[in-house]
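# Structure at a glance
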Amino acid sequence: VFRGYPELRARIAELKAEDQGRALEALNQALERGEVRSDVELMSIASAVMGMIYFTIVFWIDSDFSFDLVKVVESRLGDALRLMAGPVPQRSSRR
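Below or above, wherever it landed, is the structure these notes cover. Per-chain numbering applies: the sequence of each chain, read as written, is numbered from 1 onward. Under the rules for a predicted model, residues below a pLDDT of 70 receive no local features and side-chain atom pairs below 80 are neither given nor counted, while totals for whole chains, interfaces and linings still include all residues. Side-chain measures here rest on the full set of heavy atoms in the structure, leaving out hydrogens and waters.

### What about the pattern of salt bridges?
Oppositely charged side chains may form a pair once their charged atoms are brought near each other. Selection rule: Criterion for a salt bridge: a side-chain nitrogen of Lys or Arg within 4 Å of a carboxyl oxygen of Asp or Glu. Counting from the N terminus, the helices are DSSP H or I runs at least four residues long and the strands are E runs at least two residues long. Whether a residue is buried, partly exposed or exposed follows from its accessible area with a 1.4 Å probe, protein chains only, as a fraction of its type maximum: under 20%, in between, or over 50%, in that order.
Under the definition given, this model contains five salt bridges. Glu14 is the partner of Arg11 in a salt bridge, and the nearest nitrogen-oxygen pair spans 3.0 Å. Placement of both Arg11 and Glu14 in helix 1 (residues 6-32) is noted, with a separation of three residues, approximately one turn of the helix. Residue classification places Arg11 among the partly exposed residues on the basis of a relative accessible area of 39%. We note a salt bridge from Asp79 to Arg82, for which the minimum N-O separation is 2.4 Å. With Asp79 and Arg82 both in helix 3 (residues 69-85) and three residues apart, the pair spans about one turn of that helix. Its relative accessible area of 32% is what places Asp79 among the partly exposed residues.

Quick look at the structure:
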């Protein structure tokens, strides 16, 4: 959208970098408290959660706003929290 406006592209990039920094800081704090899995890279967790939200928003727009976005995103975030904090899979001892 902003390809013809380099100043706006630069500002959007700055805002995205700030958001990413805040998200990673929050995830680092959650990791320190043992609230997220330690066997998954934090950037992978952030990407997965943001992807879930982005996909839901795109689907909402494409559906002509046919569902309650807040309700669905809250549900998705609950699922994401369970995925992030879920038990670490045990490796099979089979050889």
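### Quick word on the packing of aromatic side chains
So the rule is basically this: Note on aromatic pairs: the rings of Phe, Tyr and Trp (six-membered ring only in Trp) are paired at centre separations within 6.5 Å, and the planes decide the class, stacked below 30 degrees, edge-to-face beyond 60, tilted for the rest.
Enumeration over the complete set of coordinates arrives at three aromatic pairs. For the pair Phe55 and Phe59, a centre-to-centre distance of 6.5 Å together with 10° between the ring planes defines the contact as stacked. With Phe55 and Phe59 both in helix 2 (residues 42-62) and four residues apart, the pair spans about one turn of that helix. For Phe55, a relative accessible area of 58% translates into the label exposed. Each member of the aromatic cluster is reached from another via a ring pair, and the members are Phe55, Phe59 and Phe67.

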